[in-house]
Structure formats: structure tokens, C-alpha cells
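# An overview of the molecular structure
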Amino acid sequence: MPFDLLGDRQRTHTCGELRKSHAGARVFLAGWVARRRDLGNLIFIDLRDHTGITQVVCRPEMSATAHARAEEVRPEYVLGVEGEVVLRAPETVNRQLATGEVEVVAHTILLLNEAKTPPFPIEDDSKTAEETRLRYRYLDLRRSRMQHHLRLRHRAAWVARQHLSAHGFVEIETPFLTRSTPEGARDYLVPSRLHPGHFYALPQSPQLFKQILMISGFDRYFQIVRCFRDEDFRADRQAEFTQVDIEMAFPQREVLFDIIERLMEQLFALIGAPIARPFQRLPYHEAMEKYGSDKPHLGFGLEWKRVSLPPEAQFKIQVADPIKALRVPGWSEAPRSQLDKLQEVAKSAGADWFGYARVLAGQLESPLSKVLGDEAVGALTSAAEAAPGDLVLLLGLKTASSGPAFGLPVHLARHLDEASGEVRLEVARRLNLIRPGTWNFAWVVDFPMFEFNQKEGRYQPMHHPFTSPREEDLDRLESDTAGVRARAYDLVLNGSEIGGGSIRIHRPDIQHRIFKIIGLTEEKARERFGFFLDALEYGAPPHGGIALGWDRIIALMCGETNIREVIAFPKTASGVDLMCDAPSAVEPEQLEELGLEIRRQ
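Everything numeric in this text was worked out from a predicted model, so none of it was measured.

A cluster of nonpolar side chains, contributed by Phe-176, Leu-177 and Tyr-200, occupies part of the molecular surface with about 270 Å² of accessible area. Along the chain, Leu-177 turns up in the loop between strand E6 (170-171) and strand E7 (188-191). Exposure remark for Leu-177: the relative accessible area of 46% places this residue in the partly exposed category.

Structure, rendered in C-alpha cells:
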């Protein structure tokens, strides 16, 4: 089949912009064949580009050559079409297309390239398996849905750059090849050819570099940056991801919060979503107690309460005090099958005791009444502030002894809280309480500075070791380590953490104390962070910042639950790029040049 040459022709319009006002205009369009319908003397072609679709009509009496060319085309062929815009007859107007009131009568059709039959239809409602979509990502990205997502991502990045620049932030690039500082997720390592046996690491974050930029006097920095973590994939996590990295010197937390809130306001204006400011400030302990999560979805009620069992009840059921109670308004008639499912969710999430009580008019109905008695069950429902028609859910942890256990160790209390969070979300899903199109932002603040690693028998930072403790807690760092609060904060939206940051440590003496508490010797600290510790000795200003999870933010704006839908070329859940077939083996010569040898296990 002979192809045509584009020559010096240029598009006059895109396929999505023609309207009634263009009637009578001579135009030249270019794009892909979305659909072809052959009615003999009439051939209709839906021509598609990134802006939309225009219907092209080919009539032999208008151009026998164009009509003959149209007979040869198939879906996804690349065409150039020259013709005249005409109004459609009223009965043929397509209201589902922005261009549906007009069509282009073809005078010339250029066949610029042919295409194999696609493995799936290029349609937004295609039910194609994700594996196939990722293998043929170049076809998947032609769909208007994917075009919309990535173009919105571009517009959002433009807004972020303008907003931060207007507030005095300077965009500075930091290295991709740096040193490994293992503390948290695994690094991706890059062998050095020039220094055999030595490795670079791809950055998990520009954390130390942006702090050094504050020491360097740049005052306000930002970067839309790729980061890398060798960890398991999830719907909201990829091994390579993008964050908006922000740092400022001499910070006041509320000043930073205001800058970020105004940025969120501008970003969500791109999708026509008004955002209420200021965002709620929610202490960590309150988030965990009420919502069972440090990234709570605040778009519906359902708040847990810690309640105490009567001492005699603890003896009977061997459950540690306190337990958690959740009032579910108006769900007293919840089917037993639903309650059994909630019990499964609770136990799989870490709670090993589950109970419930139906609050009916004038009476209670609960399997617990046989064990605890109506009075004890009534006390629990009263503590939950339940009213007739409500259901009360109860969660707890079993004790190993036959006697009461007053209070829970911190790590067990957290397990109970996390289980309650999973149950709360499951209830919300079953009652359809999570409404799309609502945006519930909050700052979670006052995190614990440390959490105890039971396996390693040591404290570790809840965020990272460069986070500053609350100033009023400095004197208690060594004496009450578990009670020290961090100057850390997370930005959460609809149950997702979309940003995390802190005021940093700027004094060398405090940094060394933190390293000592987490079991990092002076020698190890110097080995891993020596360049940064040296920098702290040269007049580091107070500084702090935040990293915004760009992929998660864009996914939420697009109404997607998986960040792969807003990344041009993502990896699968098993970390494979199906399109490029990566990761892949390399030639033995490459390994030899790097001084590496593959050992099969």
C-alpha cells in the first residue's frame, strides 16, 4: 500500500475544536482512525487526536481519490484530511461529541501510516486487563481518559511551580547518583565502573541535600523530583515515584501550612473543586483513638471511643482494658452476615476480640449479655452514647491470664487502633458513606518522635532521624523516650497520606543525641552521614519542609484509586515494566567491566 507524504502541510485545527462557527472553513486535520463505517457511496471516518474526535465524510462525487483512499484505511491508521467543515443535518447531530454539530467533507486524504490491528479497543470503557494495557502502553495512552490524566498532571505541575516561585522558592536539582544511607526502605544500588566494589544509590528522597541547601543560604527550595525505594508495590506505591520536595529556612509551621493549603486550593481548582481553608489540625493520638489511623478519612462520622470494661467483666472474657467502642447510627438491624464479615476484618487486622450490641427500643440485644450480663453491656453502649436504632461495635485484645489487664503496651494499643481503623472503613463502605467528589483535608500533628522496634529491641524514629523533637520535650529525650513528641506533620486527604514533613534538627548536639537513642554509634553515624554532620557544624539555620506525594495527589484529583493510572510508564504490582521487559539480564561483558558476578541461589 503506497503511503502519502505530509510535505509542508500543517494542521489548521485539532480534531476536538471544530464547532458550528467553523462551518464553511477549509481545514486540514491529522490524527488516528478511531472508527470507520462504509455505507458504499458514503464512508464515515471518526478521526481522533488528543483533543477529541471529528467525523469525516467521504463522497465519491466530492473526491473520488479521497473516497478510494478511505476504502483502504483501518482503525489506528494515521491520516491527514483536508476538507470543508459543514453543518450536520439536525437529525444526525451527535450530542455526545463536542464536535457533533459539524463534520468535514474530505477533499484529500493522506495515508501517512498504517497500523496493525490493536490488541484492544482504544476506548475509555474498555474492559482490557491491566497487564495487556501496560504491555501496549503506547496504545493505552491514546485513550482520552489517559490523555486527560497526564495533561492534568502537567497543568498541576505548572500551577505548583508558579505558586512556589511566587512565594520565593527556588527550583534546584539534586543528584540521582548519591551514597547509600540505609535507614528505612532498601536502596537501589548502582555499581561504579571507575571505582570497582563501590556503589552509588538512587535517592529515596533529597532529604539531606535539601537540608544542606538551607545551610547554603538558599532560604527556600523546591523540586518536582523522582525518588526511588526498593520496596513492595501497592496501589499507592511504585518503586520510582514523584514528589514535590519543599524546604524553607527560619520556618514557622503555620506559615508553611498556609503555603501548602493555598497550593492545594489552586490544584483542586483545576477540577472545579472548592477547598475550605484552613485545614483541620488533628493530633496524632486523637486520630488514632477516634479513627484508628494516622491518615483518617474524615468524610463521614463513625468515631471510636476507648471505654473500660467493668473489672468483673474482664475476668469473664479475659480482654485487656480499655477496649474500643463504635456507635453506628441507625444500623441496629445489621444482618448477621455483615457482622461476621466485620469480625473477620477486625481479626485479620490485629484485634482478637470482637463484640456487638443492638440498641433497640427499650432493650438491648447482644450475644455478650449471656456472659457479661445486661447491665455491663448497657454500660458499654451508654459509654458509646448509643441511641435506639444504633449498633455498637466492640473491639479488644485478649489477655494471656484469667485476670484483668489494665492498660495496653504502646505497640499493642497501636495494633488495636489500626484494627479499629480497618473496621471503620469497612462499615463506611458497606453503608456507602464514602461520597465521591468531597475533599476532606487535615494536618495530622504531634506524632511520637520514636516507636519501639520489638524485633530489634531498640527505638527507631517514626519519621526519619533528622526530625526535630518538640522543644519542650528536649529535656526528656533520654528519660522519657517513648513520650517525646516530634515536630512532624502529615497532610492527609480522604484516607490517603499525600504529604509528610517536619521541622528539622539544626543543632549538632541534638542530632548526635537522636543518633545515640536509635542505636547509631558515632562511628556508624560518621560513616553514613559524615558530610551532613560536617555541614551542621557551619551555622545551620532552623529549617523545615515537606514532601508532597505527587502521584497520589494527581490520582485523587482524577478519581483513581491506583497511581498507575496517572503515571505514563508504571511498573506492575510485581515491579516489572511489561512494555520494555525490564528488569532484564545484561551481557556478561557488562558484568565483567563492573567487576560483578551473578550467584544463583
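Attention now moves to helix H13 (residues 508-517). Every buried residue of H13 is accounted for by Pro-508, Ile-510, Gln-511, Ile-514, Phe-515 and Ile-517. In this fold, the buried residues of H13 make contact with strand E18 (450-453), strand E19 (458-461) and helix H14 (522-536). Gly-519 occupies a position one or two residues after H13 and carries a positive phi of about 80 degrees.

Bringing the packing of helix H9 (residues 336-348) against helix H12 (residues 410-430) into the picture now. H12 packs onto H9 with a crossing angle of 150 degrees between their chain directions and a minimal axis gap of 9 Å. The orientation of H9 relative to H12 falls into the category roughly antiparallel. Helix-helix and strand crossings are classified by hand; for H9 and H12 the assignment is right-handed. Listed contacts from H12 to Gln-338, Lys-341, Leu-342, Val-345 and Ala-346 of H9 are Ala-419, Glu-422, Val-423, Glu-426, Val-427 and Arg-430.

The subject of this paragraph is the side chain of Ser-293. When you line up the elements, Ser-293 lands in the loop between helix H7 (284-291) and strand E12 (304-307). When residues no more than four places from it in sequence are discounted, the contact partners of Ser-293 are Ala-287 and Met-288.

Here the focus is the sheet that holds strand E20 (residues 488-493). The sheet built from eight strands is open, its strands ordered E6-E9-E10-E22-E21-E20-E17-E11 with mixed pairing. Each having just a single partner strand, E6 and strand E11 (280-283) make up the two edges of the open sheet. Relative to the sheet, helix H5 (residues 207-215) contacts strand E9 (220-228), strand E10 (240-249) and strand E22 (543-549), its axis offset from that of E10 by approximately 20 degrees. Against the sheet, H7 touches E11 and strand E17 (441-445), its axis set at about 85 degrees to E11.

Attention now goes to the environment of Arg-234. When you line up the elements, Arg-234 lands in the loop between E9 and E10. Taking the relative accessible area as the measure of exposure, Arg-234 reaches 41% and is therefore partly exposed. For the pair Arg-234 and Ile-563, spaced 329 residues apart in sequence, the C-alpha separation works out to 9.0 Å. When residues no more than four places from it in sequence are discounted, the contact partners of Arg-234 are Arg-552 and Arg-564.

Scoring rules and cut-offs
- Residues numbered from 1 in each chain as written.
- Predicted model: local features only at pLDDT ≥ 70, side-chain atom pairs only at ≥ 80, totals over all residues.
- Heavy atoms only, no water.
- Patch = residues over 30% accessible without salt bridge, like charges linked within 9 Å, V, L, I, M, F, W, Y side chains within 5 Å.
- Areas by Shrake-Rupley, 256 points an atom, 1.4 Å probe, with all protein chains shown as cover.
- Salt bridge = Lys/Arg side-chain N within 4 Å of Asp/Glu carboxyl O.
- Helix = DSSP H or I, 4+ residues; strand = E, 2+ residues; numbered from the N terminus.
- Buried < 20%, exposed > 50% of the residue type's maximum accessible area, 1.4 Å probe, protein only.
- Contact = heavy atoms within 4.5 Å.
- Axes fitted to C-alpha atoms, helices over the stretch in contact; angles between N-to-C directions.
- Parallel < 35°, antiparallel > 145°, perpendicular 65-115°, else oblique.
- Left-handed = near helix turned anticlockwise from the far one by under 90°.
- Pairing = 2+ DSSP bridges.

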